[in-house]
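Listed below are the residues making up each chain.
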Amino acid sequence: MSINRRNFFKTVGIAGVTLAVGKSAGANSPESEKTEFRGMLYDATRCVGCLECEIACAKSHNLPEPTDELQVDVLRKTSEVKRCVINYHTTSKGEVLVRNQCMHCNEPACAAACLTQAMYKTKEGPVIWRADKCMGCRYCMVSCPFDVPKFEYFSANPKIEKCDMCYDRIMKGQIPSCAEACPAEALIFGTRRELLAEARKRIAENPTEYVDQIYGENVAGGTGYLYLSPAPFNEVGFNTKLQNTSYPALSKGFLYSVPSVFVLLPTLLLGIHKATKDNQSKDEENE
Amino acid sequence: MNNQAVTIAKDNDGNSIWQFLLHELKPRGKWLTPFNIISIPIMLLGLGLIFYRFIYGIGSITNLSQEIPWGLWIGFDVVTGVAFAGGAYVLTFMVYILKMDKYHSLVRVTVLNGFLAYVFYAGALLLDLGRPWNVINPIIGNSFGTSSVLFLVAWHFMLYMLAELIEFSPAIAEWLGARRARKILSGMTIGAVIFGITLSTLHQSGLGALFLMAKDKIHPLWYSEFIPILFLVSSIFAGLSMVIFEGSISSKVFSDQISEKHHKAERGIIQGLSMICAVAMFAYLFMQLLVFIHDKNWAYINTPMGYWFLLEMIGFVLIPMILFFYSYRNNNTLMIRIAAILTMLGIILNRLNVTVIGFRWDAPVHYVPSWMEITVTLAVIFTEIWIFRWVINRMPVLRESPAWVKEEK
Ligand code: SF4
Ligand code: SF4
């Protein structure tokens with residue numbers, strides 16, 4: 001029964017995404033595009049699975065280079081020593097390579113969760129982690145809908161590991177090392193607006209080659225990483241049940257109610273206290 | 001003991017205060033009680049494990065994983081423990097705001113319990129932090145993550161501990177025989193109570209709000225946008241059940257402390273509390289039902305998780321609620337105590353279902369706490385009980401305040 005239900009959700013999810021894409025393509029000015037966030041576009045039809053991006057990533061962040069083989073349908077996962085992975089999926093459109101890493105959400109749940117602002121959405125777009133602030137509570141991991149942040153469980157001075165879109169390089173005017181290393185131009189760097197336009201152009205020019213959806217355009221309120229794929233996204237390892245609105249919005253209602261509770265409740269309590277005090281002629285409170 | 005305190009109060013030179021404190025620090029009574037025999041080795045083992053954890057990392061003694069970053073220490077120690085500590089804000093509301101004097105004799109012990117619970121469970125939170133030395137960041141304000149529910153909860157924990165300490169401080173002053181201080185401190189009680197109730201409302205619900213962003217990870221039967229309200233309402237009967245349960249143990253263990261008068265009043269008090277529990281549980285069940293219908297959760301009922309949900313709702317909310325109502329009418333203290341225990345089990349079940357059992361319920365590998373996590377949790381609880389016992393045996397918590405307090409009125 002639960003399986004039926006899940007499939008049902010998937011269908012609804014896909015329908016929802018397609019509808020939303022259709023709409024914003026017409027209007028052509030989703031809010032997120034005004035901010036000029038940088039982002040990345042990954043085109044699964046171009047990826048050749050050489051793992052050059054993984055190797056470059058490991059090198060530039062002092063992590064061990066990948067040693068495991070790329071195999072069809074053997075899921076490799078990001079971990080505390082691996083910020084990005086390429087995976088081979090069998091789909092209705094044949095075998096498809098897909099990359100996974102932090103999505104660099106427009107409104108990141110991890111940053112909203114972080115109580116020290118160690119997880120931080122920079123104005124340039126990358127979501128970065130700052131060691132001097134983090135207290136290792138792992139609330140970012142609980143909150144991220146893509147399960148991206150990883151924690152060094154076996155260290156006395158543990159870090160959170162996740163892709164930072166090579167923020168330091170970007171600030172120096174370079175492009176992320178993965179994009180630089182990719183020989184097939186499957187991974188390109190640019191402003192989110194340009195990348196969305198490019199992605200739409202590719203779909204329009206080659207409608208048979210792509211599914212008519214840009215993953216990342218709307219999911220979780222829009223992400224900095226954008227994906228093009230020849231096969232439906234639920235077949236290439238994406239959770240298409242995720243909502244299309246921002247995750248931090250889920251706890252906003254609660255947070256917004258806090259100031260009013262702080263003003264109204266004490267007043268009310270004081271009022272009742274006064275009222276009951278008057279009733280009680282021989283009161284002996286404050287004990 | 002009382003005489004002693006009064007003597008100390010008379011001469012105020014530092015020396016005798018230190019002597020007095022030293023004397024008070026010594027344990028009293030028999031050493032080889034069954035409780036000590038069980039708790040001491042566990043506390044020592046727990047301490048060892050904590051050392052080990054700070055050298056080899058959290059993963060060395062826990063079963064946490066990249067998918068399930070929060071386990072027993074958050075789900076049980078913090079989230080469940082704080083719900084049980086809810087008795088303090090409910091009772092102070094009843095006694096100081098609504099002036100239900102009948103319950104006055106319970107306030108001190110409940111506030112003490114609440115205070116210790118917060119100290120130790122917030123302490124347990126520190127054990128769970130990977131980089132605890134940075135815990136000052138959100139406190140001193142060089143990085144305020146004000147959009148974070150955890151930020152709110154952490155601050156409320158700290159402020160609430162302060163409020164409870166103020167609420168409890170007259171008892172400390174009485175113990176030390178500090179008359180002037182007692183006067184000032186008890187003048188602050190009502191302010192602390194109002195502040196404390198406000199903070200409690202927000203962080204009891206805030207603990208639920210922590211999980212709002214984990215929408216896709218928690219089983220739909222336990223996830224809803226109303227988790228904060230459900231957590232708040234259930235903290236009322238969780239806290240009061242704890243008060244009933246703790247009272248029934250205290251009245252045996254510390255029977256020498258409790259005056260004749262209070263022993264007699266106890267029945268009526270428990271009866272009153274059972275009624276409040278029953279009403280709060282009724283409201284809670286009703287809300288659960290509304291959420292259930294609103295979220296159209298019928299499809300999940302006929303699954304293993306659905307049965308688990310029904311067990312929680314019927315076995316540990318509905319049945320104890322009926323027991324509370326029934327035994328209120330019949331004034332059956334034993335039955336009330338049974339109902340309180342069932343309710344507490346239900347709260348443990350509920351909090352764990354939201355935070356641990358229902359979290360990533362669809363993952364291939366499930367999280368089961370390691371024996372080391374359980375040992376550390378037990379060690380934390382035992383240490384709390386030790387301190388509780390130490391305080392009860394020395395300060396006027398269960399027993400009457402010293403005579404001079406009455407004279408001054
Ligand atoms: S994918 Fe996760 S870690 Fe990356 S920005 Fe979004 S919420 Fe944060
Ligand atoms: S683990 Fe660090 S980065 Fe993640 S929420 Fe906690 S403090 Fe922020």
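Further up the page is the structure itself.
Residues numbered from 1 in each chain as written. Chains lettered and ligands numbered in written order. Predicted model: local features only at pLDDT ≥ 70, side-chain atom pairs only at ≥ 80, totals over all residues. Heavy atoms only, no water.

Observations concerning the interface of chain A and chain B
The partner chain B presents 77 residues to the 66 residues of chain A that form the contact. Summing both sides of the interface, chain A and chain B together bury roughly 6100 Å²; the carbon and sulfur share of this comes to 60%. Our enumeration of links across chain A and chain B arrives at four salt bridges. At the boundary of chain A and chain B, one finds 33 residue pairs in polar contact (both at pLDDT 80 or more). If you list the elements that add at least two residues to the side of chain A that touches chain B, you get α1 (2-27), α3 (109-113), α4 (139-143), β6 (150-151) and α8 (249-279) of chain A. Here the element with the most residues in the side of chain A that touches chain B is α8 of chain A; it accounts for 15 residues. Residue composition of the side of chain A that touches chain B, grouped by class: 38 nonpolar, 13 polar and 15 charged. (Contact = heavy atoms within 4.5 Å. Buried area = accessible area lost by both parts, 1.4 Å probe. Salt bridge = Lys/Arg side-chain N within 4 Å of Asp/Glu carboxyl O. Polar contact = N/O pair within 3.5 Å; in protein donor to acceptor, adjacent residues only side chain to side chain. Helix = DSSP H or I, 4+ residues; strand = E, 2+ residues; numbered from the N terminus. Nonpolar A, V, L, I, M, F, W, Y, C, P; charged D, E, K, R; others polar.)

Re the sheet that holds strand β9 (residues 225-228) of chain A
Residue and element names in this part refer to chain A. Pairing is mixed in the open sheet, where three strands are placed in the order β8-β1-β9. Among the strands making up the open sheet, the edge pair consists of β8 (187-191) and β9. Along the sheet, successive strands turn relative to each other by an average axial angle of 25°, direction set aside. Two elements, strand β1 (residues 38-43) and β9, share four bridges in a ladder whose sense is parallel. From the neighbouring strand, Asp 43 faces β9, where its bridge partner is Leu 228. Sheet strands in contact with helix α7 (residues 192-205) are β1, β8 and β9, and its direction is about 130° off that of β8. (Pairing = 2+ DSSP bridges. Axes fitted to C-alpha atoms, helices over the stretch in contact; angles between N-to-C directions.)

What about the packing of helix α8 (residues 149-176) of chain B against helix α9 (residues 179-187) of chain B?
Residue and element names in this part refer to chain B. Two numbers describe how α8 lies on α9: the axes approach to 8 Å, and their chain directions differ by 175°. Judged on the interaxial angle alone, α9 and α8 are roughly antiparallel. Every residue of α9 that contacts α8 at Ser 169, Pro 170, Ala 173 and Glu 174 is listed here: Ala 181, Arg 182, Leu 185 and Ser 186. Partitioning the contact of α8 with α9 into residue classes produces four nonpolar, two polar and two charged. (Parallel < 35°, antiparallel > 145°, perpendicular 65-115°, else oblique.)

Considerations on the layout of surface pockets
All names here are of chain B. A volume near 1300 Å³ is recorded for the second largest pocket. Considering the residues around the second largest pocket, the lining is formed by 48 residues, among which Phe 35, Ile 385, Trp 386, Phe 388 and Arg 389 are closest to the centre. For the lining of the second largest pocket, the secondary-structure elements that each account for two or more residues are α3 (34-56), α4 (72-84), α5 (87-97), α6 (104-128), α11 (227-253), α15 (333-357) and α16 (371-394). For the lining of the second largest pocket, the element with the most residues is α16, which contributes nine residues. Counted by class, the lining of the second largest pocket contains 27 nonpolar, twelve polar and nine charged residues. (1 Å grid on protein atoms, 1.4 Å probe; cavity = no way out; pocket = protein on both sides within 12 Å on 5 of 7 lines; lining within 4 Å. Points joined across faces, edges and corners; volume = space filled by probe spheres on them.)

A word on the site of ligand 2
Residues in contact with ligand 2, as listed here, are Cys 114, Thr 116, Ala 118, Met 119, Trp 129, Cys 134, Met 135, Gly 136, Cys 137, Arg 138, Cys 140 and Ile 160 of chain A. A per-class count over the shell around ligand 2 returns nine nonpolar, two polar and one charged. (Near = heavy atom within 4 Å.)

Regarding the pairing of strand β2 (residues 85-91) of chain A
Residues and elements named next belong to chain A. Of all the seven residues making up β2, five are buried; the element is thus mostly covered by neighbouring parts of the structure. Bridge analysis of β2 against strand β3 (residues 94-100) gives seven bridges, and the strand direction is antiparallel. Along β3, the bridge assignment pairs Thr 90 with Glu 95. Hairpin connection between β2 and β3: a loop of two residues separates the two successive antiparallel strands. (Buried < 20%, exposed > 50% of the residue type's maximum accessible area, 1.4 Å probe, protein only.)

Let's talk about the packing of helix α12 (residues 260-294) of chain B against α15 of chain B
Residue and element names in this part refer to chain B. Running from N to C, α12 and α15 cross one another at 40°; their axes reach a closest spacing of 10 Å. Regarding α12 and α15, the two cross each other, and that crossing is left-handed. Touching Glu 266, Arg 267, Ile 270, Gln 271, Ser 274, Met 281, Tyr 284 and Gln 288 of α12 are Thr 333, Ile 336, Arg 337, Thr 343 and Asn 350, all from α15. Among the residues forming the contact of α12 with α15, the class breakdown is four nonpolar, six polar and three charged. (Left-handed = near helix turned anticlockwise from the far one by under 90°.)

Remarks on the environment of Lys 26 of chain B
By the element assignment, Lys 26 of chain B lies in the loop between α2 (14-25) and α3. Note: C-alpha distance between Lys 26 of chain B and Trp 390 of chain B (364 residues apart in sequence) is 9.5 Å.

Focus on the nonpolar core
One finds Tyr 139 and Phe 146 of chain A together with Leu 273 of chain B to be the most contacted residues of the largest nonpolar core, which totals 180 residues. Take this core: its biggest share by element is 13 residues, from α6 of chain B. For this core, the domains that each give at least three residues are domain 1 (5-22 + 257-286) and domain 2 (30-250) of chain A. Sequence-distant contacts of Tyr 139 of chain A, that is, excluding residues within four places in its chain, are made with Ala 113 of chain A together with Trp 70, Ser 148, Val 149, Leu 150, Ala 209, Leu 210 and Met 213 of chain B. (Core = buried A, V, L, I, M, F, W, Y, C linked by side-chain atoms within 4.5 Å. Domains from an automatic or database assignment.)

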